[in-house]
Amino acid sequence: MTNPPSQPAIAATGLRKSYGDKMVLDGVDLQVAEGTIFSLLGPNGAGKTTMVQILSTLIRADAGEMRVAGHDLARDPDAVRAAIGVTGQYSAVDKFLTGEENLILMADLHHLGRREGRRRAAELLEQFDLVEAAKKTAATYSGGMRRRLDLAMTLVGDPRVIFLDEPTTGLDPRSRRTMWQIIRDLVAGGVTIFLTTQYLEEADELADRIALLDHGKLIAEGTADELKRLIPGGHIRLRFTDASGLQSALRALGEGVLGDDELTLKVTSDGSVRSLRALLARLDDQSIEVDEMSVHTPDLDDVFLTLTGHPDRVR
């Protein structure tokens, strides 16, 4: 007997929100599977932060049905709040308290009790590599340490779903990668992550699925590879040992343009396994050997610029 499919960690149908005459979210439908990273991308003003605020119960939607961690957002917002954590664009850390004191304060807000609160604080300080800085005020922390402490505070209540709104903004590359690993570890432990980011490579690196929001509507959704195949520009690069091999490939394929040198051929492709297999079969039928081969697809920058038409970076 097969187990029934698990319900999504986040589900929204017909989500709408407007401010006066401005429609910010216009009938958004989405589902986020449990134990995955879902990344929401979009230009400035697309409605990303508004969606996070609605799904985390900070503001109300005008219309739509939403469930988070199995709870109806409109009927049982308290249950939703008990199941989620939120790390916003700006740190919630009190810089005048030590790292340990910040965590214990959060434990008090969750009514954990003195002993349990201190145990949980010590556990999180260890997990986020903040033990040596535990007794120092947060004002002395680096940006990366402060963001780690901020996320640790979010985890005090053991949330099942975490909303991360641009969690690595302003961090140096090393601190950013440290945060990426922390996020991966959380998901490996069964947590669901809803991520907004201004770094397209961050979504590419982390997300199981990515959605692109523009003018209040979801205009594309899929894995990073699926989104990259939506736009032209992908190709397979073939390199041959001699010019005769390249000319034979041109005749066999009936298409392609010369690459950077006279031994390289670029053939348009969507990057899928099916198209790659078909191309290799055509070459094999003619006993044409390829010395080197690589698949090139558009990156998320190309996807973003093509689908939204916005020249600015995603934020």
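A few points on the structure. All values reported here derive from a predicted model rather than from experimental measurement. (Residues numbered from 1 in each chain as written. Predicted model: local features only at pLDDT ≥ 70, side-chain atom pairs only at ≥ 80, totals over all residues. Heavy atoms only, no water.)

1. Examining a nonpolar patch on the surface
A cluster of nonpolar side chains, I219, L230 and L307, forms an exposed patch at the surface whose accessible area comes to about 240 Å². Note on placement: I219 falls in strand β10 (residues 217-222). Look at I219 and you get partly exposed, because its relative accessible area is 37%. (Patch = residues over 30% accessible without salt bridge, like charges linked within 9 Å, V, L, I, M, F, W, Y side chains within 5 Å. Areas by Shrake-Rupley, 256 points an atom, 1.4 Å probe, with all protein chains shown as cover. Salt bridge = Lys/Arg side-chain N within 4 Å of Asp/Glu carboxyl O. Helix = DSSP H or I, 4+ residues; strand = E, 2+ residues; numbered from the N terminus. Buried < 20%, exposed > 50% of the residue type's maximum accessible area, 1.4 Å probe, protein only.)

2. Details of the pattern of salt bridges
Summed over all chains, the structure comprises 14 salt bridges. We note a salt bridge from D204 to K228, for which the minimum N-O separation is 2.9 Å. Of this pair, D204 sits in helix α7 (residues 200-206) while K228 sits in helix α8 (residues 224-228), and the two are 24 residues apart along the sequence. Within the structure, one salt-bridge network assembled from shared partners comprises E116, R119, R120, E123 and D158.

3. Some details on the sheet that holds strand β8 (residues 192-196)
Within a sheet, adjacent strands bond to each other through the backbone by hydrogen bonds, running parallel or antiparallel. Strand order in the open sheet made by the six strands is β6-β7-β8-β3-β9-β10, with mixed pairing throughout. Since the sheet does not close on itself, it has two edges, and those belong to β6 (84-87) and β10, each with one partner. Strand-to-strand twist of the sheet, defined as the mean angle between neighbouring strand axes without regard to direction, takes the value 15°. In the sheet, strand β9 (residues 209-214) pairs with β10 via five bridges, with the strands oriented antiparallel. Across the sheet, residue L212 finds its bridge partner in β10, namely A220. Of the strands in this sheet, β3 (37-41), β7 (161-165) and β8 touch helix α6 (residues 173-188), which is tilted by about 145° from β8. Across the sheet, helix α11 (residues 300-308) lies against β9 and β10, angled at about 30° from β9, the strand it touches most. (Pairing = 2+ DSSP bridges. Axes fitted to C-alpha atoms, helices over the stretch in contact; angles between N-to-C directions. Contact = heavy atoms within 4.5 Å.)

4. Focus on the sheet that holds strand β13 (residues 264-268)
Spatial strand order, β12-β13-β11-β14: four strands in an open sheet with antiparallel pairing. The open sheet is flanked by β12 (257-258) and β14 (292-296), the only strands paired with a single partner. Inspection of the sheet shows β12 paired to β13 by two bridges, in the antiparallel sense. Residue pairing for β13: L258 is matched across the bridge by L265. Sitting on the sheet, helix α9 (residues 243-253) is in contact with β11 (235-239), β12 and β13, with an inclination near 15° to β13. Across the sheet, helix α10 (residues 273-285) touches β11, β13 and β14, and the angle it forms with β11 is around 30°.

5. Focus: the pairing of β8
By the criterion of burial, β8 is predominantly enclosed, with five of the five residues buried. Taking every second residue as pointing to the same face, both faces of β8 are buried, with T192, F194 and T196 on one and I193 and L195 on the other. For the handedness criterion, the β-α-β arrangement of β7, α6 and β8 is classed as right-handed. (Right-handed = clockwise from strand over helix to strand, strands pointing away.)

6. Overview of the packing of helix α3 (residues 99-109) against helix α4 (residues 114-127)
Two elements in contact, α3 and α4, have axes whose closest approach is 9 Å; the angle formed by their N-to-C orientations is 130°. Classed by the angle they form, the pair α3 and α4 counts as oblique. The handedness of the crossing between α3 and α4 is right-handed. Contacts between α3 and α4 involve G99, E100, L103, I104 and A107 on the former and, on the latter, G117, R118, A121, L124 and L125. Here the residues of the contact of α3 with α4 sort into six nonpolar, two polar and two charged. (Parallel < 35°, antiparallel > 145°, perpendicular 65-115°, else oblique. Left-handed = near helix turned anticlockwise from the far one by under 90°. Nonpolar A, V, L, I, M, F, W, Y, C, P; charged D, E, K, R; others polar.)

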